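Notes for the structure review
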Amino acid sequence: MKTDWILTTGGQPLETVRRFIASVWQALHLEAMILPLKDARTAEWQTEVITDPDSIQLSNPFTPLMVENIARHLPAFLRKHPGQRVAALLRPCEVRAFEEIQSAQQIDTANLVILSADCLGTFPAEEFSWRLDKKGSADNLSDETLHFSRSGGIAPYRYRIACQLCRNPIADGGDINLHIVGVPVRDKLLVSANGLSSELELTSLSDRPATSEESEDHARIAERMVYRNQQTNLRLAHALTAETDLDLDSLVDQLNDCGPCQACLNVCPICTTREIQRDPDGQFDRQEVADWIVACVGCGMCEESCPNHRPLSAIFSVVREKLAEIYN
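Sequence order as written defines the numbering, with residues in each chain counted from 1. Local features in this predicted model are restricted to residues whose pLDDT is 70 or higher, and side-chain atom pairs enter the listing and the counts only when it is 80 or higher, whereas totals over whole chains, interfaces and linings include all residues. With hydrogens and water excluded, all non-hydrogen atoms of the structure serve as input to the side-chain values.

Mapped onto the secondary structure, I21 falls in helix 1 (residues 13–28). The cut-offs for exposure are 20% and 50% of the maximum accessible area for each residue type, with area from a 1.4 Å probe on protein chains only; residues under the lower value are buried, those over the upper are exposed, and the others partly exposed. On the basis of relative accessibility, which here comes to 2%, the residue I21 falls in the buried class. Sequence-wise, I21 and P92 are 71 residues apart; in three dimensions their C-alpha atoms are separated by 17 Å. Any two residues whose heavy atoms approach within 4.5 Å at even a single point are treated as in contact. Once residues within four sequence positions are removed from consideration, I21 is found in contact with M33, I56, L89 and L115. Where helices and strands are cited, they refer to DSSP runs of H or I of at least four residues and of E of at least two residues respectively, numbered from the N terminus.

Looking now at the nonpolar core. The nonpolar core is taken to be a set of buried Ala, Val, Leu, Ile, Met, Phe, Trp, Tyr and Cys residues, with the residues joined through side-chain atoms within 4.5 Å. Counting residues in each nonpolar core, the largest one holds 48 residues, and the members touching the most others are F98, L251, V289, W292, I293, F316 and V319. L251 has contacts with V289, I293, I315, F316 and V319, leaving out every residue within four places of it along the chain.

The next subject is the packing of helix 4 (residues 125–135) against helix 5 (residues 138–146). Axes here mean lines fitted to C-alpha atoms, for a helix over just the part in contact, with angles spanning 0 to 180 degrees between N-to-C directions. For the pair helix 4 and helix 5, interaxial distance at closest approach is 8 Å and the crossing angle is 100 degrees. Between helix 4 and helix 5, the interaxial angle falls into the category roughly perpendicular. Facing F128, R131, L132 and K135 of helix 4, the residues of helix 5 in contact are A138, N140, L141 and E144. Each residue gets one label: Ala, Val, Leu, Ile, Met, Phe, Trp, Tyr, Cys and Pro are nonpolar, Asp, Glu, Lys and Arg are charged, and the others, such as Gly, are polar. Across the contact of helix 4 with helix 5, the residue classes tally to 4 nonpolar, 1 polar and 3 charged. Orientation is classified from the angle alone, with under 35 degrees giving roughly parallel, over 145 giving roughly antiparallel, 65 to 115 giving roughly perpendicular, and any other angle giving oblique.

Turning our eyes to something else, we now look at the side chain of T47. With respect to the helices and strands, the residue T47 is situated in strand 3 (residues 45–50). Between N or O atoms, a polar contact is any pair within 3.5 Å; within protein, one atom must be a potential hydrogen donor and the other a potential acceptor, and residues adjacent in sequence are included only when both atoms are from side chains. Separated by 2.6 Å, the side chains of T47 and E68 make a polar contact. Once residues lying within four places of it in the same chain are set aside, the contact partners of T47 are I34, L35, P36, E68, I70 and H73.

Time to look at unusual backbone geometry. With a phi angle near 55 degrees, H29 is a residue other than glycine that sits in the positive phi range. Judged by relative accessible area, which is 62%, H29 ranks as exposed. Positive phi values are uncommon outside glycine, yet Q106 reaches one of about 55 degrees. Residue position: Q106 is located in the loop between helix 3 (92–105) and strand 5 (112–117).

All right, on to the state of the cysteines then. Here, a disulfide means two cysteine sulfur atoms that sit within 2.5 Å of each other. If you walk through the whole model with that rule in mind, you get 0 disulfides. No disulfide involves C258; its nearest neighbouring cysteine sulfur is the one of C306, lying 6.1 Å away. Using a relative accessible area of 23% as the deciding quantity, one classes C258 as partly exposed. Free of any disulfide, C271 has its nearest cysteine sulfur in C268, 3.9 Å distant. Overall, the relative accessible area of 18% leaves C271 in the buried class.

For this analysis, a salt bridge means a side-chain nitrogen from Lys or Arg found within 4 Å of a carboxyl oxygen belonging to Asp or Glu. Applying the stated rule across the entire model yields 10 salt bridges. Each of E15, R18 and D139 takes part in a single network of salt bridges with overlapping partners.

Let's shift gears to the environment of A97. Looking at the secondary structure, you find A97 in helix 3. In this structure A97 touches N69, A71, P269, I270 and V297, once residues within four positions along its chain are discounted.

What follows deals with the packing of aromatic side chains. Pairing of aromatic rings covers Phe, Tyr and Trp, the last through its six-membered ring, and needs centres within 6.5 Å; plane angles under 30 degrees mean stacked, over 60 mean edge-to-face, and all others mean tilted. The full count for this structure, using the stated rule, is 2 aromatic pairs. Ring plane angle 50 degrees and centroid distance 4.9 Å describe the contact between F123 and Y159, whose orientation is recorded as tilted. Here F123, found in the loop between strand 5 and helix 4, pairs with Y159, found in the loop between helix 5 and helix 6 (161–164); they are 36 residues apart in sequence, far enough to count as distant. The same class applies to F123 and to Y159, which are both buried. Aromatic pair W292 and F316: ring centres 5.2 Å apart, planes at 70 degrees, arrangement edge-to-face. Residue W292 is found in helix 12 (residues 286–294), and its partner F316 is found in helix 14 (residues 312–327); the two are separated by 24 residues along the sequence.

The strands that make up a sheet are held in pairs by hydrogen bonds between backbone atoms, and each pair lies either parallel or antiparallel. Should DSSP find at least two bridges between two strands, the strands are taken to pair. If you walk across this open sheet you meet the 8 strands as 3-2-4-5-6-7-1-8, and the pairing is mixed. Of all strands in the sheet, those with a lone pairing partner are strand 3 and strand 8 (208–209), marking the two edges. Pairing analysis gives 3 bridges linking strand 2 (residues 32–38) to strand 4 (residues 86–90), with the strands arranged parallel. Bridge pairing links A32 to V86 in strand 4. The sheet contacts of helix 9 (residues 212–241) involve strand 1 (5–8), strand 6 (176–179), strand 7 (188–193) and strand 8, and relative to strand 7 the element is tilted by about 85 degrees.

Right, let's get into helix 9. To estimate how far a helix should extend, the number of its residues minus one is multiplied by 1.5 Å. Over its 30 residues, helix 9 runs 43 Å from end to end, which matches the ideal 44 Å to within 8%, given 1.5 Å per residue. Inspection of helix 9 places E214, S215, H218, I221, A222, M225, V226, N229, T232, N233 and A237 among the buried residues, and these make up the whole buried set. For helix 9, the secondary structure elements touched by its buried residues are strand 1, helix 6, strand 6, strand 7, strand 8 and helix 14.

pLDDT measures how confident the predictor is about each residue, on a scale from 0 to 100. With 97% of its residues at a pLDDT of at least 70, the chain reaches an overall mean of 91. When pLDDT is averaged over each element of the chain, strand 4 comes out on top at 98 and helix 7 (residues 197–200) at the bottom at 62.

Put into structure tokens, the structure is as follows:
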């Protein structure tokens, strides 16, 4: 039976998480970690590899911004650290992406530890910058987001469409999962581990085991978030298909009519393992597109990169649901 653990925060959830991750680093003798990090000089967020646990102070797993899907860098990261114990700090959609990549490439993950945190949603980059100017720092903006974690977030329509449609924003696929949904983070955080409990000695890294009520509170609000996103998905699907059919063939036609930039393909983590290219006539292969959409994890990086501002997250979600019935 899985046991959840409690980290008391004393009003400082972000600092508590940073200390916990540093403790995990020491306990597991990690040699490197890949994670989103704020550049100390430019204050820009980007994917970085760190070899010093002190650098964790520049990280923030609750920043409501996603600049790229880190999963696409994990195969190269593992190749650069053969035989070393390493870790990755990922959002739930990034964990799903890496599962797809791992399945396609048969990557050896014996020395990889995945840490994941519940995701309440992320802003489009431009809106994040605007809100950052108002709040003064990413930590302040995260604090505002975390304030509503107990109820599963507030005003989800402010976030990217991909986040509103996320089929599971809860951290459950990591080796170590940090839970904020349904939890009063000013008082405590919930932690769970998959297969690493004995090695981590969570009894010493945490403050106490969670009660059944605390675990149930998290599970109940998490279920509510998933249901809310499902309903948003249904409403958008109805709006997109009200006047025209939206299926694989129409999506392929849309992609064929796009310009030659292929920005959506270049940022997609799934495309690191699946070849999707135009033929000499400039057309995409129908089956390659189908395989791509079925494997889509819903991170929305394609939409963020699209110069034509097409609602790719919603379109892909609708087509994926239709294909899922065929692909089972």
